[in-house]
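Here are the chains, one letter per residue:
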Amino acid sequence: MNKRIVLTGGGSAGHVVVNLALIPALEEEGWDIAYIGSETGIERDLLSDFPRVRYHAIPTGKFRRARTWENIRRNLGDVGHVLSGVAEARRVLQRERPQVVFSKGGFVSVPVVLAARRLGIPVITHESDRTPGLANKIIIPFVKRILLTFERTADFVPRDKAYYLGPIIRQQMQGGSAREGLIRFGLDGKKPVLLVVGGSLGAAKLNRLVWQNLDPLLKQFDIVHSVGAGKGDSQMERPGYVQVDYIRAGMNDALAMADVVVSRAGSNAIFEFLYYQKPMLLIPYKVGSRGDQVENAEEFERAGYAKVLDETSVTSDQFLAAVRDLLENGERYREAMRHFTFRDGVQDILEILEIYRLQD
């Protein structure tokens, strides 16, 4: 019997990267793979690396948390998009006839999971953050298993569905070379390297914080700064300062090269920093969010892997002091990180998918 699966998830790279890690393993195991994503999200671009995966775009909505009349109006308007998404996802699932659906979250996953439930297709979902996001909260009643990145997330989901998986480090992120990183970004290796990562969508506040302190930082570091697509500033050009939109190819080399990382606190990213044992300054996205990055960052600070600053109150002096502390006391952070054990989460997912495929 052919093994058939539909993957879903999107809106940001964080809702796609586990799928990107899973696809090569699924292909090696002979699975026939389709992907349901949004019409305009980053997932469509990221899936272009896998030409054998059929991509289907569906309408989707988004729930806005801030309680304003404008957001209420837009939320009500998006109900229609979600219903259209359910109908389109149902048509795609009927054509693809998967034996199992794997959801990585984001609002595009909601109509897919609802459609799969109506068709009796088992769904496995994955939660990267310390506490479940809203999309996963909505779909939890309709899934068979919830795979967890943080062990303590089990306190927030039904125990009979929870499975602690740990972080997934995709194959493309492994095997980084510091030498290749220096060559790729045109650095000579004479100074420590500060890597600044704003995520796939960029981080305007983080960018401004770096630019406001660029000259004092460059006295001590060479800097590679991922600013987000179209968010760079040519006036900030300096020797030893490299601006890129988004590090897609070569992120493993960038991490191998880095001495200190400054970042938001998306779960997939911070576990990749942990994999490379990089002292990290986390400035989690807070304003307008549900606080998931704040919780992720607090967990890493508690474990001794990171320093954390509040984006709403951070000053230049605090920022510079934190970066310098991470450089000067990096071994203390690395020692804490050595106690974390990475397991083969992709293999665990394959085994779980096989169990539910055979129940079809």
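What counts and what doesn't
Residues numbered from 1 in each chain as written. Predicted model: local features only at pLDDT ≥ 70, side-chain atom pairs only at ≥ 80, totals over all residues. Heavy atoms only, no water. Helix = DSSP H or I, 4+ residues; strand = E, 2+ residues; numbered from the N terminus. Buried < 20%, exposed > 50% of the residue type's maximum accessible area, 1.4 Å probe, protein only. Contact = heavy atoms within 4.5 Å. 1 Å grid on protein atoms, 1.4 Å probe; cavity = no way out; pocket = protein on both sides within 12 Å on 5 of 7 lines; lining within 4 Å. Points joined across faces, edges and corners; volume = space filled by probe spheres on them. Nonpolar A, V, L, I, M, F, W, Y, C, P; charged D, E, K, R; others polar. Pairing = 2+ DSSP bridges. Right-handed = clockwise from strand over helix to strand, strands pointing away. Phe/Tyr/Trp six-rings, centres within 6.5 Å; stacked < 30°, edge-to-face > 60°.

K.L.:
Just checking my understanding: could you explain the overall build of the protein chain for this structure?
P.N.:
Counting its regular elements, the protein chain contains 14 helices and 13 strands. When the backbone C-alpha atoms are referred to their principal axes, the protein chain occupies close to 60 × 50 × 40 Å. Within the span of the protein chain, comprising 360 residues, buried residues form 54% of the whole. Pairs at least 24 residues apart make up 64% of the contacts formed inside the protein chain by residues separated by at least 6 positions.

K.L.:
Before we go on, may I ask you to explain the environment of Gln359 in this structure?
P.N.:
Of note, Gln359 is situated in the segment after α14 (345-358). In this structure the C-alpha to C-alpha distance between Gln359 and Gln99, which are 260 residues apart in sequence, comes to 8.5 Å.

K.L.:
What's the story with empty space enclosed by the protein in this structure? I'm lost.
P.N.:
Gaps left between atoms are located by rolling a probe of water-molecule size over the structure's atoms. On inspection of all chains with the given rule, the structure shows one cavity of 30 Å³ or more. Roughly 30 Å³ of internal volume is contained in the largest cavity. As for the largest cavity, its lining consists of Val18, His126, Ser128, Thr149, Pro167, Ile168, Ser267, Asn268 and Phe271. The biggest single contributor to the lining of the largest cavity is helix α10 (residues 267-275), with three residues. Residue composition of the lining of the largest cavity, grouped by class: four nonpolar, five polar and no charged.

K.L.:
Even after reading the chapter, I still don't get the pairing of strand β4 (residues 100-103), so can you show me in this structure?
P.N.:
Side-chain positions along a regular strand alternate between the two faces of the sheet. Going residue by residue along β4, you find Val100 and Phe102 tucked away on one face and Val101 and Ser103 tucked away on the opposite face as well. Bridging between strand β1 (residues 3-8) and β4 involves four bridges; their strand directions are parallel. Of the residues in β4, the one forming a bridge with Val6 is Val101. Relative to strand β5 (residues 123-127), β4 is paired through three bridges, and the arrangement is parallel. Among the inter-strand pairings, Phe102 is bridged to a residue of β5, identified as Ile124. Between β4 and its parallel partner β5, the chain crosses via helix α4 (residues 109-119), and the hand of that crossover is right-handed.

K.L.:
Any chance you could explain the environment of Asp310 here in plain terms?
P.N.:
With respect to the secondary-structure elements, Asp310 resides in the loop between β13 (306-308) and α12 (316-328). Asp310 gets classed as partly exposed once you look at its relative accessible area, which sits at 29%. In this structure, the C-alpha to C-alpha distance between Asp310 and Val294, residues 16 residues apart in sequence, is 8.7 Å.

K.L.:
Help me understand the packing of aromatic side chains in this model?
P.N.:
Each aromatic ring pair is summarised here by two numbers: the centre-to-centre distance and the angle between the ring planes. Applying the stated criterion across every chain, the model contains eight aromatic pairs. Judged by centre distance (5.9 Å) and plane angle (10°), the ring pair of Tyr35 and Tyr55 falls under stacked. Placement of Tyr35 in strand β2 (residues 31-38) and of Tyr55 in strand β3 (residues 54-58) is noted, with a sequence separation of 20 residues between them. Tyr55 shares its class with Tyr35; the two are buried. Clustering of aromatic rings is evident, with ring pairs tying together Phe150, Phe271, Tyr275, Tyr276, Phe300, Tyr305, Phe340 and Phe342.

The values are spatial; any link to function lies outside them.
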